[in-house]
2 protein chains.
Amino acid sequence: MSSFLPQSIRALIDEFSRLPGVGPKSAQRLVMHLLHAPDSRVQELSKAVGGLKAGLQFCSVCWNIAEEEKCQICLNAEMGLRQAKQICVVEEILDVVALEKTSEYKGVYHVLHGALSPVDGIGPEQLKIQALIERVKGFSDSDEVGAIDLEVILATNPGLEGESTALYVMKLLGPLNVNVTRIARGLPVGGDLDYADELTLTRALQGRAAYQ
Amino acid sequence: MSSFLPQSIRALIDEFSRLPGVGPKSAQRLVMHLLHAPDSRVQELSKAVGGLKAGLQFCSVCWNIAEEEKCQICLNAEMGLRQAKQICVVEEILDVVALEKTSEYKGVYHVLHGALSPVDGIGPEQLKIQALIERVKGFSDSDEVGAIDLEVILATNPGLEGESTALYVMKLLGPLNVNVTRIARGLPVGGDLDYADELTLTRALQGRAAYQ
């Protein structure tokens, strides 16, 4: 980076460059944009960044992000507004955001905060897998919900890491006598059979269902 | 955006989305990244954003960004470390950064802060064109540097807006009896004649020089 640039500019380019998906070039552009923006907007951004984690914690039930001890979704489930007997297991908080957008799912979630990846040194103990097992076990002990009624939907990504995570979780859940399902893998809506890879086509064939 | 997300997260996604080249999706990813980052790093970013403009101003000579009244490049020129008789006119501060990286140019700069663009309502009065004319006129008055010695290099972008800006500036500089040049337009190094557009090829032919 050119040394003639003032220190405060170089510091911010540096900070932006460390964000994922932001290269040194985009970092420069962002800083130049902020330089030309009104100071009030720059201060707003600074405040929003600084206040991001204030009062935030992970939900004690599902490990989603929460402002209180439990997240809004789990609180809704306690009030009977959502089905507590359906647990959708996802890798990241953003997956919850994506699923919530469909307005299709009315159950609760469990955020693993990652997927198994031996290459990156991420094993089961780095993920919230044990917490999920404990949570499911809690259901079978309580009289409120019979264990047989509980559905655990494995909604990890359909890639190598997501699949092995799903497999691992499934094996742990096996002895607990709960209903474990996996989200369908197949052709995306609007997708083209001609352009789909072999694995997706194989999955689409394997996952075929009665035509309605 | 999902309403179950805490307010502080939504606020930051909102702020990030307003940055150029950052869509709502990348904004979400950036925020999730920061959520998992150590708090010290988040606070560093907040501080870097908040302190960006502290003590910054535009150089009173060339309108580059500066920590003092004059930028480092103009100060170096005053000390005789750079040629004050060569003024490279660019659109943005980042163009100065790009040119400085070549280590080829030893003159000074003039940052217009944009290019003429009637569609976006950007006319000559929005740019630092008048400041450039005054600056050049100042040279012809002073005894130090003869007007005939001064070279103004028009290094605006070789697109529609940059070209019309260069043309406009050139016409204003004409009566001042200075040497006005334009950066070469042609095939980029590593470029392919076969893939070049007609205009670039035309410029490359027009700008041909004796083979050395």
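Residues numbered from 1 in each chain as written. Chains lettered and ligands numbered in written order. Predicted model: local features only at pLDDT ≥ 70, side-chain atom pairs only at ≥ 80, totals over all residues. Heavy atoms only, no water.

Caption draft 1: Quick peek at the pairing of strand β4 (residues 108-111) of chain B. All names here are of chain B. Side chains of β4 alternate between two faces, with Val-108 and His-110 and Tyr-109 and Val-111 buried alike. For strand β3 (residues 86-90) and β4, the ladder comprises 4 bridges, and the chain directions are parallel. Opposite Ile-87, over in β4, you have Val-108 as the bridge partner. Handedness of the crossover is the feature at issue here: the chain leaves β3, passes through helix α5 (residues 93-101), returns alongside β4, and the resulting connection is right-handed. (Buried < 20%, exposed > 50% of the residue type's maximum accessible area, 1.4 Å probe, protein only. Helix = DSSP H or I, 4+ residues; strand = E, 2+ residues; numbered from the N terminus. Pairing = 2+ DSSP bridges. Right-handed = clockwise from strand over helix to strand, strands pointing away.)

Caption draft 2: Geometry of the sheet that holds strand β5 (residues 151-154) of chain B. Residue and element names in this part refer to chain B. Spatially, β4-β3-β5-β6 is the arrangement adopted by the 4 strands of the open sheet, whose pairing is parallel. Each having just a single partner strand, β4 and β6 (179-182) make up the two edges of the open sheet. Within this sheet the neighbouring strands show an average axis-to-axis angle of 25°, counted without direction. Docked against the sheet, α5 engages β3 and β4, running at close to 155° with respect to β4. (Axes fitted to C-alpha atoms, helices over the stretch in contact; angles between N-to-C directions. Contact = heavy atoms within 4.5 Å.)

Caption draft 3: Examining the packing of helix α5 (residues 93-101) of chain A against helix α2 (residues 24-36) of chain B more closely. Orientation of α5 of chain A relative to α2 of chain B, taken along the N-to-C sense of each, is 140°, at an axis distance of 10 Å. Classified by the angle between their axes, α5 of chain A and α2 of chain B sit oblique to one another. Each of Ile-93, Leu-94, Val-97 and Lys-101 of chain A in α5 of chain A lies in contact with α2 of chain B, whose residues at this interface are Gln-28, Arg-29, Met-32 and Leu-35 of chain B. Among the residues forming the contact of α5 of chain A with α2 of chain B, the class breakdown is 5 nonpolar, 1 polar and 2 charged. (Parallel < 35°, antiparallel > 145°, perpendicular 65-115°, else oblique. Nonpolar A, V, L, I, M, F, W, Y, C, P; charged D, E, K, R; others polar.)

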